[in-house]
Amino acid sequence: MKDGVTVLLVDDHRVFAEALARLLVAEPGIDRVSTASTLDAARALIGADRPNVVLLDLGLAEESGYDLLADLAAMPDAPETIMLSGSTQPRLIVQALEAGARGWLTKTTQLSALVSAVWQVLDGYLYLSPAMLQPVLDHLMNDLRRQRAALGFADQLTPRELEVLRCLVSGMNRTEVAEHLFVSTNTVRTHIQSLLRRTGQHSALALVAFARLHGVAGIDETDRSVIAKRSESSS
């Protein structure tokens, strides 16, 4: 256990924050607990007397805790940050961890677990409660499966089918696709029909939505501008 640890609690619910601060400062090894109800107040305290750990609420009135995470990520020797939130959504947890948070706790977490999380994070570990670990892992695995499915889908297409699909994703109609690829509209139609069969979709709009879901990107804006100029010159 470390000695002289300082904690900054950032939460706009003053009664909750003050009560938790009193409990934390009574814990062995925790020397001081400061509170802030806004991001500006938190930034000022971090700049004046940098804490070892920040316990950060995700939603602060009109502000987002993610904004402070971004500030801390750009700061040398930044304090470790643990999110303290009422939410248990895996997507939000993963987003916070990606932004630099070292843990996620709910506001109903028992004090002993919260203190344990502080020590683990200070020792260099990530902290998630057992109840949150499985949903977060499931979320990450689903993302991985979607990414693999996206790669597999694109790999199954012929080069021309992929070109047609990328044009459609960019918002081109069949005539524009034909002009961009220097083929006839009938050829474009044939490729679209093939793509519909491959994906089990029933319209070009559904096909585009399917392609975006599976990570197929549209053509870049340079190509789009070339198409627009070509269309203007031919009209």
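Residues numbered from 1 in each chain as written. Predicted model: local features only at pLDDT ≥ 70, side-chain atom pairs only at ≥ 80, totals over all residues. Heavy atoms only, no water.

J.: Would you take a moment to explain the overall build of the protein chain for this structure?
T.: Scanning the protein chain from terminus to terminus reveals 11 helices and eight strands. Going through the 235 residues of the protein chain one by one, you find that 38% of them count as buried. Sequence-distant contacts, at least 24 apart, represent 67% of the contacts inside the protein chain between residues at least 6 apart. Just so you have it, the protein chain exposes about 12,800 Å², and 53% of that area is on carbon and sulfur atoms. (Helix = DSSP H or I, 4+ residues; strand = E, 2+ residues; numbered from the N terminus. Buried < 20%, exposed > 50% of the residue type's maximum accessible area, 1.4 Å probe, protein only. Contact = heavy atoms within 4.5 Å. Areas by Shrake-Rupley, 256 points an atom, 1.4 Å probe, with all protein chains shown as cover.)

J.: How do you make sense of the packing of helix α9 (residues 185–199) against helix α10 (residues 204–213) when you look at a structure like this?
T.: For any two helices packed against each other, the geometry is given by the interaxial angle and the distance between the axes. At a closest axis distance of 10 Å, the pairing of α9 and α10 adopts a crossing angle of 60°. Relative to α10, the element α9 lies oblique. In this structure, α9 crosses over α10, and the sense of that crossing is left-handed. Seen from α9, the contacting residues are Ile192, Leu195, Leu196 and Thr199; seen from α10, they are Ala204, Leu207 and Phe210. (Axes fitted to C-alpha atoms, helices over the stretch in contact; angles between N-to-C directions. Parallel < 35°, antiparallel > 145°, perpendicular 65-115°, else oblique. Left-handed = near helix turned anticlockwise from the far one by under 90°.)

J.: Sorry if this is basic, but what is going on with the side chain of Asp57 here?
T.: Summarising the element assignment, Asp57 is placed in the loop between β3 (53–56) and β4 (59–60). Residue classification places Asp57 among the buried residues on the basis of a relative accessible area of 5%. The contacts of Asp57, once residues within four sequence positions are left out, are Val10, Asp11, Asp12, His13, Gly65, Met83, Leu84, Ser85 and Lys107.

J.: Could you clarify how one ought to interpret the sheet that holds β3 in this entry?
T.: Sheet strands line up and pair through hydrogen bonds in the backbone, either parallel or antiparallel. Taken together, the six strands give an open sheet; going across it, the order is β2-β1-β3-β6-β7-β8, and neighbouring strands pair in parallel fashion. One side of each edge strand has no neighbouring strand; the edge strands of this open sheet are β2 (30–36) and β8 (127–128). Two strands pair when backbone bridges link them, and strand β6 (residues 80–85) and strand β7 (residues 103–106) are joined in this way by four bridges, in the parallel orientation. Residue Ile82 lies in a different strand from β7, and its bridge partner there is Gly103. The strands that helix α5 (residues 111–122) touches are β1 (5–10), β2, β3, β6, β7 and β8; relative to β6, the one it contacts most, it runs at about 155°. (Pairing = 2+ DSSP bridges.)

J.: How do you make sense of unusual backbone geometry when you look at a structure like this?
T.: Even without a glycine there, the phi angle at Asp77 is positive, about 55°. Mapped onto the fold, Asp77 is located in the loop between α3 (65–73) and β6. Given a relative accessible area of 71%, Asp77 falls into the exposed group. Look at Phe182: it is not a glycine, yet its phi comes out positive at around 55°. Tracing the chain through its elements places Phe182 in the loop between α8 (174–181) and α9. Residue class for Phe182 comes out exposed when judged on its relative accessible area of 67%.

J.: Please clarify how helix α7 (residues 159–169) should be interpreted in this entry.
T.: Given 3.6 residues per turn, any residue in an α-helix points the same way as the ones three and four places further on. Turning to α7, its buried residues number three or more, namely Glu161, Val164, Leu165, Cys167, Leu168 and Val169. At the exit of α7 stands Gly171, carrying a positive phi of roughly 100°.

J.: Would you mind showing me how to read the nonpolar core here?
T.: Taken as a class, soluble globular proteins show a tendency for nonpolar side chains to be buried jointly. Val10, Leu56, Leu68, Met83 and Trp104 are the most contacted members of the largest nonpolar core, which has 24 residues in total. Sorting the residues of this core by element identifies β1, α2 (39–48), β3, α3, α4 (90–98) and α6 (130–155) as the ones contributing at least two each. Setting aside residues up to four positions removed in sequence, Trp104 forms contacts with Leu58, Tyr66, Ile82, Met83, Ser85, Ser87, Leu92, Ile93, Ala96, Tyr127, Leu128 and Met132. (Core = buried A, V, L, I, M, F, W, Y, C linked by side-chain atoms within 4.5 Å.)

J.: What's the story with the pattern of salt bridges in this structure? I'm lost.
T.: Inspection of every chain in the model, using the stated rule, returns nine salt bridges. Among the salt bridges present, the one from Arg102 reaches Glu80, with a minimum N-O distance of 4.0 Å. With a gap of 22 residues between them, Arg102 in the loop between α4 and β7 and Glu80 in strand β6 connect regions that are remote in the sequence. A residue is classified by how much of its surface remains accessible, and Arg102, at 24% relative accessible area, is partly exposed. (Salt bridge = Lys/Arg side-chain N within 4 Å of Asp/Glu carboxyl O.)

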